[in-house]
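Commentary on secondary and tertiary structure
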Amino acid sequence: MIADLVIHNGIVVSADTTFPASVAIKNGKILAVGTADSMPQATETLDAGGLHVLPGAIDVHVHFRDPGYPHKEDWESGTAAAAFGGVTTVFDMPNTIPPTANAEILAAKHAIASSKAYVDYGLYGLLGEDTIAQVPELVDGGVIGFKLYMGNTFGKIPSPTTGAMLEAFEVVAPTGKRVSLHAETNSIMERRQARLTAAGRSDPLAHLAARPAVVAVEAVSRAAILAEWTGARIHVLHISSAAELLPLAAAKARGVDITGETCPQYLFLSSDDYARLGGIIRLNPPVREQENQAPIWNALVDGTIDMIATDHAPHTPEEKTRNDIWSVDCGFPGVESQMPLMLTEVAAGRASISDYVRWSAVNPAKTWGLYPRKGVIQPGADADIALVDLTRQWALQDSQLQSRSKISPWDGRKVCGLPIHTLVRGRFAMKNRELVPATKGWGRSVHTIQAMPPAVVRNADQTMQAVLKAPARGAVT
Ligand code: NCD
Ligand code: ZN
């Protein structure tokens, strides 16, 4: 058999180990991993001398803004940014216009994404107060999972009541899909923001004051209780505080199917950066006091936090630099800076390259039922590969971003580690730090390969559906 591509002289990285090997690719899949002389003949070869061969990162939290906000991002610019960041699969959030809340809107988003994407993707469906009835059609229409906004953030999607959340979990649990949570409690934040505004506060730190860690602690705890009651799978997005690690760890210990992600901003920025960055740093949940950084890092190392994502949230410079903090759009781009930022810590000896692969690829793939098709370099897996120079020292620069959002907190930051080539199912999306335009539209939805084992549904006899079917009191049946 003749392979399409053989990569020679690289160092392959898995969750457990690193080893020198050649990698053969055929029809988008990995055909063989082994010594150079065991490789089949190939149409094309690549010398990866000096490079590490990583499973492409899976970023389970991006906002590509399409449809709705083409001046911020679209599927083409967002997935080009992913390719430059060594990211080969992204999960896109539903706070687009219109929000991804029914089968028709989902189908339209699939059509847009499949025509423009350089990398593979999953689409989140919106789980809100009024979209519970749409769960079956969204599952049939191919969502990777659901997103539930417990607190207000960009897009102003209303937060469901606890009553609606419980019912939503009851309905999603038997589908096996995971519910990802923006875990900040809205009613606390609303009161505090109103008081701060009335008191005349409009400085950047007022944003943090409106959303202290208790909003996350309360939300994670409450969501974990509802997940435990129903058996629903949940995922805590953008973990920002040391305090919320306690309810997360406790829920894991009780056997709740709960996972968590953090993002580089919570590991590397702190409240000390608000004066320097102004509105640029505004995001939800907020970057917090420095004492949160080490516990979050340690939770990643010990597995309490399962993975790294970015919450890539592009906005324009004008939208990020308004004087009144309450009018600054929340979030900033991150899909192409995550890998260099994290690899810098690997270079500094804070983690191994295998740790990084576990956080960026293996665990996301396992959590959403994509493993071992994705997240690993072994025969039979999709050839989603980031070829990375772990020793390259450079500086992140907003002006060089593929993202349409050329404003981030990382501008000028020195990093060590650079993705040189990115392959998506065997095709170069980025080669030698250049986009490969022919790969536009090659990205496909990964829901078709998703295999989630059934969830362990609990209290099925007490769901809304069950009690509404029960006979009226005193009725003869
Ligand atoms: C996100 C956005 O801009 O869509 N903003 C943010 O501050 N994180 C929304 C979100 O993930 O909360
Ligand atoms: Zn969020």
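As a starting point, this report considers the structure included with it.

This brings us to the coordination of the zinc ion (ligand 2). Ligation of the zinc ion (ligand 2) by protein atoms is provided by His182 (ND1) and His238 (NE2), these donors lying 2.1 Å from the ion. Considering all four donor atoms around the zinc ion (ligand 2), the spread of angles at the metal, 54 to 138°, places the coordination shape in the irregular class. A residue pair is termed long-range when its members are at least 10 positions apart, and His182 in strand β10 (residues 178-182) and His238 in the loop between β11 (233-236) and α8 (245-253) qualify at 56 residues. Under the relative-accessibility criterion, His182 is labelled buried at 2%.

Our next topic: the sheet that holds strand β12 (residues 258-262). Read across the sheet, eight strands follow the order β6-β7-β8-β9-β10-β11-β12-β13 without closing on themselves; strand pairing throughout is parallel. Each end of this open sheet is capped by a strand with a single partner; those strands are β6 (57-62) and β13 (307-308). With four bridges joining them, β10 and β11 adopt parallel strand pairing. Note that in β11 the partner of Ser180 across the bridge is His235. Sheet contacts for helix α7 (residues 214-230): β10, β11 and β12; angle to β11, the most-contacted strand, approximately 165°.

Under the criterion given, the structure shown has six aromatic pairs. Aromatic side chains Tyr69 and Phe154 sit 5.1 Å apart centroid to centroid with 55° between the ring planes, which places their arrangement in the tilted category. Taken together, the residues span a long stretch of sequence, with Tyr69 in the loop between β6 and α1 (75-84) and Phe154 in the loop between β9 (145-149) and α4 (162-172) at a distance of 85 residues. No difference in accessibility class separates Tyr69 from Phe154, as the two residues are buried. Pairing Trp297 with Trp359 gives two aromatic rings, centres 5.6 Å apart and planes at 85°, and the pair type is edge-to-face. Here Trp297 is found in helix α11 (residues 293-302), whereas its partner Trp359 is found in helix α14 (residues 353-367), with 62 residues between them in sequence. In this structure, Trp297 and Trp359 share a single accessibility class: buried. Aromatic rings pair up to connect Phe64, Trp75 and Tyr121 into one cluster. Over the ring of Trp442 we find Arg427, and its NZ or CZ is 3.7 Å from the ring centre. When the ring centre of Phe428 is taken as reference, the NZ or CZ atom of Lys431 above it lies at 4.5 Å.

Before going further, it helps to examine the packing of α7 against α8. Interaxial distance between α7 and α8 falls to 8 Å at its minimum, and their mutual angle equals 15°. Between α7 and α8, the interaxial angle falls into the category roughly parallel. Here the hand of the crossing between α7 and α8 comes out right-handed. Residues Val217, Val220, Ser221 and Ala224 of α7 form the contact with α8, whose participating residues are Pro247, Leu248 and Ala251. Counted by class, the contact of α7 with α8 contains six nonpolar, one polar and no charged residues.

Ligand 1 sits among 15 residues. The nearest are Arg65, Asn95, Thr153, Asn284 and Asp311. At 3.0 Å, a backbone N or O of Cys330 approaches an oxygen atom of ligand 1. Interatomic distance of 3.3 Å between a backbone N/O atom of Gly331 and an oxygen atom of ligand 1. The fraction of the free accessible surface of ligand 1 (320 Å²) that becomes covered by protein chains is 100%. Grouping the amino acids of the shell around ligand 1 by side-chain chemistry returns four nonpolar, nine polar and two charged.

The subject of this paragraph is α8. Along α8, the positions that sit buried rather than exposed are Leu245, Pro247, Leu248 and Ala251. Turning to α8, the residues buried within the fold contact α7, β11, β12 and α11. After α8 finishes, the residue Gly255 shows a positive phi value of roughly 90°.

Okay, a nonpolar patch on the surface next. Taken together, the side chains of Met464, Val467 and Leu468 present a nonpolar region at the surface, about 300 Å² in accessible area. Topologically, Met464 is positioned in helix α15 (residues 464-469). We classify Met464 as partly exposed; its relative accessible area is 37%.

Counting residues in hydrophobic clusters, the biggest one holds 94 residues, and the most contacted among them are Trp75, Val90, Phe169, Val179, Leu181, Met342 and Tyr356. If near-sequence neighbours (up to four positions away) are discounted, Leu181 is found in contact with Leu148, Met150, Met165, Phe169, Ala223, Ile234, His235, Val236 and Leu237.

Once that is clear, we can look at the side chain of His207. Looking at the secondary structure, you find His207 in helix α6 (residues 204-210). Assessed through its relative accessible area of 1%, His207 is described here as buried. Reaching out from His207, the side chain makes a polar contact with the side chain of Asn284 at a distance of 3.0 Å. Apart from the residues lying within four places of it in its own chain, the contact partners of His207 are Arg282, Leu283, Asn284, Pro286, Ile325, Trp326 and Cys330.

At a closest axis distance of 9 Å, the pairing of helix α13 (residues 338-347) and α14 adopts a crossing angle of 150°. With respect to their mutual orientation, α13 and α14 come out roughly antiparallel. The two elements α13 and α14 meet at a crossing, and its hand is right-handed. Counted together, Gln338, Met339, Met342, Leu343 and Val346 of α13 and Ile353, Tyr356 and Trp359 of α14 form the full contact between these two elements.

What counts and how
Residues numbered from 1 in each chain as written. Chains lettered and ligands numbered in written order. Predicted model: local features only at pLDDT ≥ 70, side-chain atom pairs only at ≥ 80, totals over all residues. Heavy atoms only, no water. Donors = N, O, S within 2.8 Å, 3.2 Å for Na, K, Ca; no water. Tetrahedral: all angles 85-135°; square planar, octahedral: opposite > 155°, others 65-115°. Helix = DSSP H or I, 4+ residues; strand = E, 2+ residues; numbered from the N terminus. Buried < 20%, exposed > 50% of the residue type's maximum accessible area, 1.4 Å probe, protein only. Pairing = 2+ DSSP bridges. Contact = heavy atoms within 4.5 Å. Axes fitted to C-alpha atoms, helices over the stretch in contact; angles between N-to-C directions. Phe/Tyr/Trp six-rings, centres within 6.5 Å; stacked < 30°, edge-to-face > 60°. Lys NZ or Arg CZ within 6 Å of the ring centre and 35° of its normal. Parallel < 35°, antiparallel > 145°, perpendicular 65-115°, else oblique. Left-handed = near helix turned anticlockwise from the far one by under 90°. Nonpolar A, V, L, I, M, F, W, Y, C, P; charged D, E, K, R; others polar. Near = heavy atom within 4 Å. Polar contact = N/O pair within 3.5 Å; in protein donor to acceptor, adjacent residues only side chain to side chain. Areas by Shrake-Rupley, 256 points an atom, 1.4 Å probe, with all protein chains shown as cover. Patch = residues over 30% accessible without salt bridge, like charges linked within 9 Å, V, L, I, M, F, W, Y side chains within 5 Å. Salt bridge = Lys/Arg side-chain N within 4 Å of Asp/Glu carboxyl O. Core = buried A, V, L, I, M, F, W, Y, C linked by side-chain atoms within 4.5 Å.

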